[in-house]
Amino acid sequence: MPKTEKTEIELLRTWTLSPAATLGSSVRAKGILQEIRARLPATSKKSVILDGSDLTLAMPANNKAAFTASVAVINKLMEEVEALPVIPREIQDILTIKTSERHRWLADGRLTSAGTRTVRLNGRARQITFHVFDPRLVEGLLDRGVVDEWREEDVEAKAEKRRQAAYRTKLTRSLTKAQKGLKKTNRDPDDPALKLSGWEDFDIDGLLR
């Protein structure tokens with residue numbers, strides 16, 4: 001920060017985000033910063049910054065009223081910060097999982113949703129709705145290391161699907177072959193295709209009489 005700006009800043013307040021709040025994720029820490037800024041007036045949003053796990057609010061001395069109001073907002077949020085829902089990009093960073101894994105585990109019930117949240121994208125009229133997660137649930141999943149277990153289950157399930165698909169293919173071929181054989185045995189005895197080559201000559205010689 002330039003020295004000319006430093007001399008103007010006389011109102012300063014810092015808060016430290018606990019590990020229980022960030023769950024060891026820099027993405028989660030940035031999400032908390034965004035939540036704080038969303039609750040502040042437009043003129044105060046840029047006055048709070050994040051440095052590691054430290055939140056700092058800095059304003060010029062002549063903005064004392066705005067500074068006091070912002071401190072009150074941040075203090076209130078800090079009381080509930082550990083309970084803030086975990087959004088998709090945060091849980092992916094905390095658990096080190098892919099978007100596809102999050103969708104799959106959410107769909108099959110292994111990952112439990114704590115509800116949904118709808119937001120409007122910046123500069124767009126369209127809204128998006130996504131699932132959020134209980135931070136204590138996410139912390140428990142992290143502590144138990146269940147992600148590795150779920151991945152092993154997915155590998156086994158995928159292998160089983162391949163085996164079942166191969167079995168169904170083999171069974172279909174066998175049934176098709178059996179049906180073809182059945183059609184041949186059910187042909188009309190008078191069907192010319194069933195007559196033996198040279199049968200007439202064999203009959204004329206009277207070998208069957």
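Q: Before we move on, could you go through the overall build of the protein and cite the residues and values that matter?
A: Scanning the protein from terminus to terminus reveals nine helices and five strands. Tracing the protein from N to C terminus, the helices and strands come up as α-β-α-α-β-β-α-α-α-β-β-α-α-α. Taken over 209 residues, the protein has a buried fraction of 28%. Taking contacts inside the protein between residues at least 6 apart in sequence as the whole, the part at least 24 apart equals 60%. Surface accessibility of the protein: about 14700 Å² in total, with carbon and sulfur atoms responsible for 53%.

Q: Which residues make up helix α3 (residues 26-39), and what are the values?
A: Owing to its 3.6 residues per turn, the α-helix aligns residues three or four sequence positions apart on the same side. Across its 14 residues, α3 extends 20 Å between first and last C-alpha, which sits within 8% of the 20 Å expected from 1.5 Å per residue. Turning to α3, its buried residues number three or more, namely Arg28, Ala29, Gly31, Ile32, Leu33, Glu35 and Ile36. One side-chain oxygen of the residue at the start of α3 lies 3.2 Å from the amide nitrogen of Val27, identifying that residue as Ser25.

Q: Please set out the nonpolar core residue by residue, giving values where relevant.
A: Counting residues in each nonpolar core, the largest one holds 20 residues, and the members touching the most others are Ile32, Ile36 and Leu57. Mapped onto this core, the elements with two or more residues apiece are β1 (9-16), α3, β3 (54-60) and α4 (64-80). Of the residues forming this core, the biggest block, five residues, is contributed by α4. Membership of the second largest hydrophobic core comes to 15 residues, among which are Leu23, Ile97, Leu141 and Trp150.

Q: Please set out the packing of α3 against α4 residue by residue, giving values where relevant.
A: Taken N-terminus to C-terminus, the directions of α3 and α4 make an angle of 140°; their axes are 10 Å apart at the nearest point. The pairing of α3 with α4 is recorded here as oblique in orientation. Both α3 and α4 take part in a crossing whose hand is right-handed. Contact residues: α3 offers Ile32, Glu35, Ile36 and Arg39, while α4 offers Val73, Ile74, Leu77 and Glu80. By residue class, the composition of the contact of α3 with α4 is five nonpolar, no polar and three charged.

Q: Quick rundown of the packing of aromatic side chains? Include the residues and the values.
A: Summed over the entire model, instances satisfying the criterion amount to one aromatic pair. With a centroid separation of 5.1 Å and 65° between ring planes, the pair formed by Trp105 and Trp150 is classed as edge-to-face. Placement of the pair is Trp105 in helix α6 (residues 99-107) and Trp150 in helix α8 (residues 146-185), with a sequence separation of 45 residues. With respect to burial, Trp105 and Trp150 carry one shared label: buried.

Q: Any chance you could break down a nonpolar patch on the surface for me, citing the residues and the numbers?
A: A surface patch of nonpolar side chains, about 320 Å² in accessible area, is lined by Tyr167, Leu171 and Leu175. As for its placement among the helices and strands, Leu175 is situated in helix α8. The exposure class assigned to Leu175 is partly exposed, which follows from its relative accessible area of 48%.

Conventions and cut-offs
Residues numbered from 1 in each chain as written. Predicted model: local features only at pLDDT ≥ 70, side-chain atom pairs only at ≥ 80, totals over all residues. Heavy atoms only, no water. Helix = DSSP H or I, 4+ residues; strand = E, 2+ residues; numbered from the N terminus. Buried < 20%, exposed > 50% of the residue type's maximum accessible area, 1.4 Å probe, protein only. Contact = heavy atoms within 4.5 Å. Areas by Shrake-Rupley, 256 points an atom, 1.4 Å probe, with all protein chains shown as cover. Expected span 1.5 Å × (residues − 1). Polar contact = N/O pair within 3.5 Å; in protein donor to acceptor, adjacent residues only side chain to side chain. Core = buried A, V, L, I, M, F, W, Y, C linked by side-chain atoms within 4.5 Å. Axes fitted to C-alpha atoms, helices over the stretch in contact; angles between N-to-C directions. Parallel < 35°, antiparallel > 145°, perpendicular 65-115°, else oblique. Left-handed = near helix turned anticlockwise from the far one by under 90°. Nonpolar A, V, L, I, M, F, W, Y, C, P; charged D, E, K, R; others polar. Phe/Tyr/Trp six-rings, centres within 6.5 Å; stacked < 30°, edge-to-face > 60°. Patch = residues over 30% accessible without salt bridge, like charges linked within 9 Å, V, L, I, M, F, W, Y side chains within 5 Å. Salt bridge = Lys/Arg side-chain N within 4 Å of Asp/Glu carboxyl O.

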